[in-house]
Amino acid sequence: MVLLHFLLAQAAADPTKGLTAIGRGIVYGAAAIGPGIGIGLVVGNAITAMARQPESAGTVRTTMFLGIAFTEALALFGFVLAFIISG
Amino acid sequence: MILGVDVPPISHVTIWGEGPLGINKTGVIYIFALVMTFLVFWLGTRKKDALVPSGIMQNTAESSIGFVRNQVIMQTMGVDGLGYLPYLATLFFFIFFSNITEILPGVQFPANARFGIPLVLAMVTWVIFNVVGIKRQGPAHYFVNSVFPPLGDMPIAGKIAMYILLAPIEFLSTFIIRPFSLMVRLFANMLAGHLILVTFAALTAGLWAAKVTVIIAPLSFGLLVAMTGFEVLVSFLQAFIFTILTAVYIDISMHPAH
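This is a predicted model, so every value here is computed, not measured.

What counts, and where the lines are drawn
Residues numbered from 1 in each chain as written. Chains lettered and ligands numbered in written order. Predicted model: local features only at pLDDT ≥ 70, side-chain atom pairs only at ≥ 80, totals over all residues. Heavy atoms only, no water. Helix = DSSP H or I, 4+ residues; strand = E, 2+ residues; numbered from the N terminus. Buried < 20%, exposed > 50% of the residue type's maximum accessible area, 1.4 Å probe, protein only. Contact = heavy atoms within 4.5 Å. Areas by Shrake-Rupley, 256 points an atom, 1.4 Å probe, with all protein chains shown as cover. Patch = residues over 30% accessible without salt bridge, like charges linked within 9 Å, V, L, I, M, F, W, Y side chains within 5 Å. Salt bridge = Lys/Arg side-chain N within 4 Å of Asp/Glu carboxyl O. Phe/Tyr/Trp six-rings, centres within 6.5 Å; stacked < 30°, edge-to-face > 60°. Lys NZ or Arg CZ within 6 Å of the ring centre and 35° of its normal. pLDDT = per-residue confidence, 0-100. Core = buried A, V, L, I, M, F, W, Y, C linked by side-chain atoms within 4.5 Å. Buried area = accessible area lost by both parts, 1.4 Å probe. Polar contact = N/O pair within 3.5 Å; in protein donor to acceptor, adjacent residues only side chain to side chain. Nonpolar A, V, L, I, M, F, W, Y, C, P; charged D, E, K, R; others polar.

1. Structural notes on the overall build of chain A
Here's step 1: Secondary structure assignment for chain A yields three helices and zero strands.
Here's step 2: If you list the helices and strands of chain A from N to C, you get α-α-α.
Here's step 3: A total of 87 residues make up chain A; the buried ones form 26% of that total.
Here's step 4: For chain A, long-range pairs separated by at least 24 residues make up 74% of all intrachain contacts whose partners lie at least 6 apart in sequence.
Here's step 5: Surface summary for chain A: the accessible area is close to 5,500 Å², and the carbon and sulfur share equals 74%.

2. A word on the overall build of chain B
Here's step 1: Within chain B, the regular secondary structure consists of eight helices and zero strands.
Here's step 2: When the elements of chain B are put in sequence order from the N terminus, they spell out α-α-α-α-α-α-α-α.
Here's step 3: Taking all 258 residues of chain B together, 41% fall into the buried category.
Here's step 4: By sequence separation, contacts in chain B at least 24 residues apart represent 70% of the contacts at least 6 residues apart.
Here's step 5: When the accessible surface of chain B is summed, it comes to about 13,700 Å², and 77% of that surface belongs to carbon and sulfur atoms.

3. A closer look at a nonpolar patch on the surface
Here's step 1: Together, F143, F171, L172, I176 and I177 of chain B make up a nonpolar patch on the protein surface, roughly 420 Å² of accessible area in all.
Here's step 2: With a relative accessible area of 43%, L172 of chain B lands in the partly exposed category.

4. A look at the packing of aromatic side chains
Here's step 1: Scanning all chains against the criterion turns up 24 aromatic pairs over all chains.
Here's step 2: Note on F96 of chain B and F97 of chain B: the rings are 5.8 Å apart at their centroids and 55 degrees apart in plane angle, and the pair reads as tilted.
Here's step 3: A network of ring pairs unites the aromatic residues F65 of chain A together with F41, F67, F92, F93, F96, F97, F236 and F240 of chain B as a single cluster.
Here's step 4: Between R178 of chain B and the ring centre of F129 of chain B, over which it is positioned, the NZ or CZ distance is 5.0 Å.

5. Observations concerning the confidence of the model for chain B
All names here are of chain B.
Here's step 1: For chain B, per-residue confidence averages 84 on the pLDDT scale, and 90% of positions sit at 70 or higher.
Here's step 2: Between the elements of chain B, mean pLDDT differs from a low of 44, seen in helix α1 (residues 2-5), to a high of 93, seen in helix α4 (residues 85-100).
Here's step 3: Across residues 1-5, where pLDDT falls below 50, the model places six contacts with residues more than four positions away in sequence or in other chains.
Here's step 4: Both scores are available for the predicted complex, with the pTM at 0.83 and the ipTM at 0.72.

6. Quick notes on the nonpolar core
Residues and elements named next belong to chain B.
Here's step 1: Ranked by size, the top nonpolar core spans 63 residues in total, and within it V72 and F242 carry the most contacts.
Here's step 2: Here this core takes 13 residues from helix α8 (residues 217-254), the largest share from any one element.
Here's step 3: In contact with F242, not counting residues within four places along its chain, are L91, I95, P118, L121, A122, T125, L182 and L186.
Here's step 4: Core analysis: the second largest hydrophobic core is formed by five residues, L197, F200, A201 and L224 among them.

7. Some words on the environment of A113 of chain B
Residue and element names in this part refer to chain B.
Here's step 1: Mapped onto the elements, A113 comes out in the loop between α4 and α5 (116-137).
Here's step 2: Separated by 87 residues in sequence, A113 and T26 place their C-alpha atoms 8.8 Å apart.
Here's step 3: Excluding its chain neighbours within four sequence positions, the residues that come into contact with A113 are F187, M190 and L191.

8. Things to note about the interface of chain B and chain A
Here's step 1: Taken together, the contact between chain B and chain A spans 24 residues of the former and 14 residues of the latter.
Here's step 2: Carbon and sulfur atoms make up 82% of the area that chain B and chain A hide from each other, which totals about 1,700 Å².
Here's step 3: Where chain B meets chain A, there are zero salt bridges.
Here's step 4: Our count for the chain B to chain A interface comes out at one residue pair in polar contact (both at pLDDT 80 or more).
Here's step 5: Secondary structure elements with two or more residues in the side of chain B that touches chain A: α3 (56-76), α7 (156-209) and α8 of chain B.
Here's step 6: Here the element with the most residues in the side of chain B that touches chain A is α7 of chain B; it accounts for twelve residues.
Here's step 7: Class assignment of the residues belonging to the side of chain B that touches chain A gives a composition of 17 nonpolar, six polar and one charged.

Below you can see the structure in the form of C-alpha coordinates.
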(Lines give C-alpha, C1' and ligand atoms only; values in the text may rest on other atoms or scores of the structure.)
Protein backbone atom coordinates (compact mmCIF):
# COMPACT_ATOMS: atom_id res chain seq x y z
CA MET A 1 0.00 0.00 0.00
CA VAL A 2 2.83 2.35 0.95
CA LEU A 3 4.60 1.39 -2.26
CA LEU A 4 1.46 1.86 -4.35
CA HIS A 5 0.81 5.33 -2.94
CA PHE A 6 4.41 6.25 -3.60
CA LEU A 7 4.18 5.10 -7.23
CA LEU A 8 0.85 6.84 -7.78
CA ALA A 9 2.21 10.10 -6.34
CA GLN A 10 5.22 9.82 -8.63
CA ALA A 11 3.05 9.22 -11.69
CA ALA A 12 0.79 12.18 -10.85
CA ALA A 13 3.79 14.47 -10.43
CA ASP A 14 5.39 13.66 -13.80
CA PRO A 15 3.84 11.42 -16.50
CA THR A 16 7.25 10.67 -18.10
CA LYS A 17 8.27 8.79 -14.95
CA GLY A 18 6.24 5.89 -16.31
CA LEU A 19 8.50 5.69 -19.36
CA THR A 20 11.56 5.62 -17.10
CA ALA A 21 10.02 2.74 -15.19
CA ILE A 22 9.42 0.84 -18.45
CA GLY A 23 13.02 1.53 -19.47
CA ARG A 24 14.29 0.18 -16.16
CA GLY A 25 12.19 -2.92 -16.56
CA ILE A 26 13.50 -3.54 -20.07
CA VAL A 27 17.12 -2.98 -18.97
CA TYR A 28 16.91 -5.53 -16.19
CA GLY A 29 14.82 -7.98 -18.20
CA ALA A 30 17.20 -7.92 -21.16
CA ALA A 31 20.23 -8.22 -18.88
CA ALA A 32 18.75 -11.29 -17.21
CA ILE A 33 18.22 -13.34 -20.41
CA GLY A 34 21.81 -14.36 -21.09
CA PRO A 35 22.82 -15.09 -17.48
CA GLY A 36 19.57 -17.06 -17.05
CA ILE A 37 20.56 -19.38 -19.88
CA GLY A 38 24.16 -19.44 -18.68
CA ILE A 39 23.38 -20.36 -15.07
CA GLY A 40 21.01 -23.04 -16.34
CA LEU A 41 23.84 -24.57 -18.39
CA VAL A 42 26.34 -24.34 -15.53
CA VAL A 43 24.10 -25.93 -12.91
CA GLY A 44 22.64 -28.51 -15.30
CA ASN A 45 26.07 -29.74 -16.34
CA ALA A 46 27.28 -29.68 -12.73
CA ILE A 47 24.35 -31.90 -11.72
CA THR A 48 25.11 -34.28 -14.59
CA ALA A 49 28.74 -34.45 -13.45
CA MET A 50 27.74 -35.08 -9.82
CA ALA A 51 25.27 -37.79 -10.83
CA ARG A 52 27.86 -39.55 -12.98
CA GLN A 53 30.64 -39.27 -10.44
CA PRO A 54 29.28 -38.72 -6.93
CA GLU A 55 32.74 -38.92 -5.33
CA SER A 56 33.82 -35.71 -7.10
CA ALA A 57 30.73 -33.81 -5.91
CA GLY A 58 32.73 -31.54 -3.58
CA THR A 59 35.07 -30.25 -6.27
CA VAL A 60 32.26 -29.90 -8.79
CA ARG A 61 30.16 -27.92 -6.33
CA THR A 62 32.94 -25.42 -5.64
CA THR A 63 33.62 -24.97 -9.34
CA MET A 64 29.88 -24.65 -9.98
CA PHE A 65 29.59 -21.76 -7.52
CA LEU A 66 32.54 -20.07 -9.21
CA GLY A 67 30.87 -20.48 -12.61
CA ILE A 68 27.59 -19.13 -11.25
CA ALA A 69 29.39 -16.14 -9.74
CA PHE A 70 31.06 -15.23 -13.04
CA THR A 71 27.86 -15.68 -15.07
CA GLU A 72 25.65 -13.90 -12.58
CA ALA A 73 27.82 -10.76 -12.62
CA LEU A 74 26.29 -9.68 -15.96
CA ALA A 75 22.74 -9.86 -14.62
CA LEU A 76 23.82 -7.87 -11.58
CA PHE A 77 25.34 -5.16 -13.78
CA GLY A 78 21.89 -4.88 -15.38
CA PHE A 79 20.28 -4.72 -11.95
CA VAL A 80 22.55 -1.87 -10.85
CA LEU A 81 22.12 -0.10 -14.20
CA ALA A 82 18.34 -0.18 -13.72
CA PHE A 83 18.85 1.88 -10.55
CA ILE A 84 21.33 4.25 -12.14
CA ILE A 85 18.91 5.18 -14.95
CA SER A 86 17.01 8.28 -13.92
CA GLY A 87 14.38 10.01 -15.99
CA MET B 1 7.97 -4.21 12.04
CA ILE B 2 8.38 -0.44 11.81
CA LEU B 3 12.16 -0.71 11.73
CA GLY B 4 11.99 -3.40 9.06
CA VAL B 5 9.52 -1.64 6.76
CA ASP B 6 11.38 1.67 6.92
CA VAL B 7 12.63 2.09 3.34
CA PRO B 8 15.60 4.44 3.03
CA PRO B 9 15.56 6.54 -0.14
CA ILE B 10 17.62 5.15 -2.98
CA SER B 11 19.99 8.13 -2.83
CA HIS B 12 21.37 6.50 0.33
CA VAL B 13 23.12 4.04 -1.99
CA THR B 14 25.57 6.78 -2.89
CA ILE B 15 25.48 9.02 0.19
CA TRP B 16 27.04 7.56 3.32
CA GLY B 17 26.03 9.29 6.54
CA GLU B 18 26.16 12.99 7.30
CA GLY B 19 29.58 14.61 7.18
CA PRO B 20 32.92 12.82 7.10
CA LEU B 21 32.44 10.99 10.42
CA GLY B 22 28.70 10.49 10.13
CA ILE B 23 27.38 7.25 11.60
CA ASN B 24 24.20 5.75 10.20
CA LYS B 25 22.55 2.32 10.40
CA THR B 26 25.08 0.92 7.92
CA GLY B 27 28.00 2.16 9.99
CA VAL B 28 26.60 0.67 13.19
CA ILE B 29 26.14 -2.72 11.47
CA TYR B 30 29.74 -2.65 10.22
CA ILE B 31 31.00 -1.95 13.74
CA PHE B 32 28.86 -4.87 14.95
CA ALA B 33 30.35 -7.13 12.25
CA LEU B 34 33.86 -6.03 13.20
CA VAL B 35 33.26 -6.75 16.90
CA MET B 36 31.68 -10.14 16.11
CA THR B 37 34.61 -11.15 13.88
CA PHE B 38 37.04 -10.12 16.61
CA LEU B 39 35.06 -12.02 19.26
CA VAL B 40 34.95 -15.23 17.21
CA PHE B 41 38.73 -15.30 16.85
CA TRP B 42 39.47 -14.04 20.35
CA LEU B 43 37.09 -16.30 22.30
CA GLY B 44 37.85 -19.19 19.93
CA THR B 45 41.62 -19.10 20.46
CA ARG B 46 41.86 -18.42 24.20
CA LYS B 47 42.42 -22.12 24.92
CA LYS B 48 44.56 -22.79 21.88
CA ASP B 49 47.01 -25.01 23.79
CA ALA B 50 44.29 -27.54 24.59
CA LEU B 51 44.66 -30.57 22.33
CA VAL B 52 40.93 -31.33 22.12
CA PRO B 53 38.75 -28.32 21.27
CA SER B 54 35.99 -27.69 23.79
CA GLY B 55 33.26 -25.13 24.22
CA ILE B 56 30.94 -23.69 21.61
CA MET B 57 33.20 -20.74 20.64
CA GLN B 58 36.31 -22.81 20.06
CA ASN B 59 34.41 -25.47 18.11
CA THR B 60 32.73 -22.82 15.93
CA ALA B 61 35.98 -20.99 15.27
CA GLU B 62 37.97 -24.13 14.50
CA SER B 63 35.38 -25.70 12.22
CA SER B 64 34.89 -22.39 10.33
CA ILE B 65 38.61 -21.98 9.84
CA GLY B 66 38.76 -25.60 8.74
CA PHE B 67 36.03 -24.78 6.22
CA VAL B 68 37.95 -21.82 4.80
CA ARG B 69 41.14 -23.90 4.73
CA ASN B 70 39.66 -26.99 3.04
CA GLN B 71 36.89 -25.57 0.85
CA VAL B 72 38.46 -22.28 -0.21
CA ILE B 73 42.25 -22.51 -0.10
CA MET B 74 42.95 -26.19 -0.80
CA GLN B 75 40.42 -26.20 -3.67
CA THR B 76 41.99 -23.24 -5.44
CA MET B 77 45.56 -22.41 -4.38
CA GLY B 78 46.72 -25.66 -2.79
CA VAL B 79 49.36 -25.79 -0.04
CA ASP B 80 51.08 -22.66 -1.42
CA GLY B 81 48.16 -20.49 -0.40
CA LEU B 82 47.92 -21.43 3.29
CA GLY B 83 49.72 -18.19 4.17
CA TYR B 84 46.62 -16.27 3.05
CA LEU B 85 44.39 -18.10 5.53
CA PRO B 86 44.22 -15.19 8.06
CA TYR B 87 43.12 -12.67 5.42
CA LEU B 88 40.60 -15.00 3.79
CA ALA B 89 39.10 -16.19 7.10
CA THR B 90 38.72 -12.61 8.36
CA LEU B 91 37.19 -11.58 5.03
CA PHE B 92 34.73 -14.47 5.20
CA PHE B 93 33.61 -13.74 8.77
CA PHE B 94 33.37 -9.99 8.27
CA ILE B 95 31.26 -10.27 5.10
CA PHE B 96 29.09 -12.98 6.63
CA PHE B 97 28.36 -10.99 9.79
CA SER B 98 27.54 -7.81 7.90
CA ASN B 99 25.26 -9.82 5.54
CA ILE B 100 23.40 -11.81 8.17
CA THR B 101 21.91 -8.66 9.74
CA GLU B 102 19.58 -8.81 6.73
CA ILE B 103 17.40 -11.31 8.60
CA LEU B 104 18.17 -10.21 12.18
CA PRO B 105 14.82 -9.08 13.65
CA GLY B 106 14.81 -5.37 14.45
CA VAL B 107 17.76 -4.62 12.19
CA GLN B 108 16.75 -6.31 8.92
CA PHE B 109 19.25 -4.54 6.77
CA PRO B 110 22.36 -6.03 5.13
CA ALA B 111 25.15 -3.49 5.55
CA ASN B 112 26.71 -4.67 2.27
CA ALA B 113 23.68 -3.34 0.36
CA ARG B 114 25.56 0.00 0.40
CA PHE B 115 28.61 -0.26 -1.79
CA GLY B 116 31.17 1.60 0.33
CA ILE B 117 32.76 -1.30 2.19
CA PRO B 118 32.38 -3.90 -0.62
CA LEU B 119 34.34 -1.44 -2.80
CA VAL B 120 37.09 -1.15 -0.19
CA LEU B 121 37.26 -4.95 0.25
CA ALA B 122 37.44 -5.43 -3.52
CA MET B 123 40.25 -2.83 -3.73
CA VAL B 124 42.20 -4.58 -0.95
CA THR B 125 41.87 -7.83 -2.90
CA TRP B 126 42.97 -6.03 -6.08
CA VAL B 127 46.09 -4.67 -4.37
CA ILE B 128 46.90 -8.09 -2.87
CA PHE B 129 46.68 -10.07 -6.11
CA ASN B 130 48.67 -7.47 -8.02
CA VAL B 131 51.40 -7.35 -5.36
CA VAL B 132 51.54 -11.16 -5.24
CA GLY B 133 51.80 -11.33 -9.03
CA ILE B 134 54.57 -8.72 -9.14
CA LYS B 135 56.50 -10.39 -6.32
CA ARG B 136 56.16 -13.95 -7.68
CA GLN B 137 56.67 -13.29 -11.39
CA GLY B 138 58.34 -9.89 -11.60
CA PRO B 139 56.55 -6.83 -13.00
CA ALA B 140 57.22 -7.49 -16.70
CA HIS B 141 56.35 -11.19 -16.60
CA TYR B 142 53.23 -10.53 -14.55
CA PHE B 143 51.97 -7.90 -16.98
CA VAL B 144 52.72 -10.02 -20.05
CA ASN B 145 51.14 -13.12 -18.52
CA SER B 146 47.97 -11.31 -17.57
CA VAL B 147 47.51 -9.34 -20.79
CA PHE B 148 48.79 -11.86 -23.38
CA PRO B 149 47.31 -15.28 -22.57
CA PRO B 150 49.05 -18.33 -24.13
CA LEU B 151 47.49 -19.29 -27.47
CA GLY B 152 49.13 -22.64 -28.31
CA ASP B 153 50.11 -23.66 -31.85
CA MET B 154 49.25 -20.95 -34.33
CA PRO B 155 50.99 -19.16 -37.21
CA ILE B 156 52.67 -15.91 -36.16
CA ALA B 157 50.30 -13.73 -38.18
CA GLY B 158 47.33 -15.36 -36.48
CA LYS B 159 48.89 -14.74 -33.09
CA ILE B 160 49.38 -11.05 -33.86
CA ALA B 161 45.80 -10.73 -35.07
CA MET B 162 44.48 -12.52 -31.97
CA TYR B 163 46.54 -10.40 -29.59
CA ILE B 164 45.30 -7.17 -31.16
CA LEU B 165 41.79 -8.33 -30.29
CA LEU B 166 42.55 -10.09 -27.01
CA ALA B 167 45.05 -7.83 -25.25
CA PRO B 168 42.67 -4.90 -24.58
CA ILE B 169 39.93 -7.30 -23.44
CA GLU B 170 42.29 -9.17 -21.12
CA PHE B 171 43.67 -5.92 -19.73
CA LEU B 172 40.19 -4.58 -19.02
CA SER B 173 38.97 -7.85 -17.55
CA THR B 174 41.98 -8.37 -15.27
CA PHE B 175 42.62 -4.90 -13.93
CA ILE B 176 39.26 -3.11 -14.10
CA ILE B 177 36.32 -5.53 -14.39
CA ARG B 178 37.66 -7.91 -11.70
CA PRO B 179 37.46 -5.58 -8.68
CA PHE B 180 34.37 -3.89 -10.08
CA SER B 181 32.46 -7.15 -10.52
CA LEU B 182 33.63 -8.35 -7.10
CA MET B 183 32.10 -5.23 -5.57
CA VAL B 184 28.92 -5.27 -7.67
CA ARG B 185 28.29 -8.98 -7.04
CA LEU B 186 28.24 -8.61 -3.26
CA PHE B 187 26.46 -5.26 -3.20
CA ALA B 188 23.78 -6.08 -5.79
CA ASN B 189 23.00 -9.50 -4.35
CA MET B 190 22.44 -8.09 -0.89
CA LEU B 191 20.46 -5.10 -2.20
CA ALA B 192 18.26 -7.38 -4.34
CA GLY B 193 17.59 -9.72 -1.42
CA HIS B 194 16.77 -6.80 0.85
CA LEU B 195 14.39 -5.30 -1.74
CA ILE B 196 12.59 -8.64 -2.14
CA LEU B 197 12.08 -8.91 1.63
CA VAL B 198 10.92 -5.28 1.84
CA THR B 199 8.50 -5.75 -1.08
CA PHE B 200 6.86 -8.79 0.47
CA ALA B 201 6.71 -7.19 3.93
CA ALA B 202 5.09 -4.04 2.52
CA LEU B 203 2.77 -6.19 0.39
CA THR B 204 1.67 -8.25 3.39
CA ALA B 205 0.98 -5.11 5.42
CA GLY B 206 -0.91 -3.54 2.51
CA LEU B 207 -3.05 -6.63 1.86
CA TRP B 208 -3.77 -6.90 5.57
CA ALA B 209 -4.93 -3.27 5.74
CA ALA B 210 -7.31 -3.56 2.78
CA LYS B 211 -10.61 -5.31 3.60
CA VAL B 212 -11.18 -7.79 0.76
CA THR B 213 -7.61 -8.72 -0.10
CA VAL B 214 -6.91 -10.04 3.40
CA ILE B 215 -7.54 -13.54 1.99
CA ILE B 216 -4.39 -13.33 -0.16
CA ALA B 217 -2.23 -11.91 2.63
CA PRO B 218 -1.15 -15.35 3.99
CA LEU B 219 0.33 -16.22 0.57
CA SER B 220 2.47 -13.10 0.58
CA PHE B 221 3.42 -13.72 4.21
CA GLY B 222 4.36 -17.33 3.46
CA LEU B 223 6.62 -16.21 0.64
CA LEU B 224 8.17 -13.62 2.97
CA VAL B 225 9.06 -16.39 5.43
CA ALA B 226 10.41 -18.59 2.63
CA MET B 227 12.51 -15.75 1.19
CA THR B 228 13.89 -15.00 4.66
CA GLY B 229 15.15 -18.58 4.81
CA PHE B 230 16.59 -18.23 1.31
CA GLU B 231 18.40 -15.03 2.31
CA VAL B 232 20.27 -16.91 5.06
CA LEU B 233 21.68 -19.12 2.31
CA VAL B 234 22.46 -16.09 0.12
CA SER B 235 24.34 -14.24 2.89
CA PHE B 236 26.50 -17.29 3.51
CA LEU B 237 26.99 -17.94 -0.21
CA GLN B 238 28.02 -14.37 -0.99
CA ALA B 239 30.61 -14.38 1.79
CA PHE B 240 31.89 -17.71 0.45
CA ILE B 241 31.97 -16.52 -3.17
CA PHE B 242 33.79 -13.29 -2.33
CA THR B 243 36.39 -15.29 -0.38
CA ILE B 244 36.86 -17.99 -3.00
CA LEU B 245 37.12 -15.47 -5.85
CA THR B 246 39.81 -13.63 -3.89
CA ALA B 247 41.59 -16.98 -3.53
CA VAL B 248 41.22 -17.69 -7.26
CA TYR B 249 42.63 -14.29 -8.23
CA ILE B 250 45.61 -14.72 -5.91
CA ASP B 251 46.11 -18.21 -7.36
CA ILE B 252 46.14 -16.87 -10.94
CA SER B 253 48.80 -14.34 -9.89
CA MET B 254 50.87 -17.04 -8.13
CA HIS B 255 50.64 -19.77 -10.77
CA PRO B 256 50.31 -18.24 -14.24
CA ALA B 257 49.19 -20.32 -17.23
CA HIS B 258 52.15 -21.44 -19.34
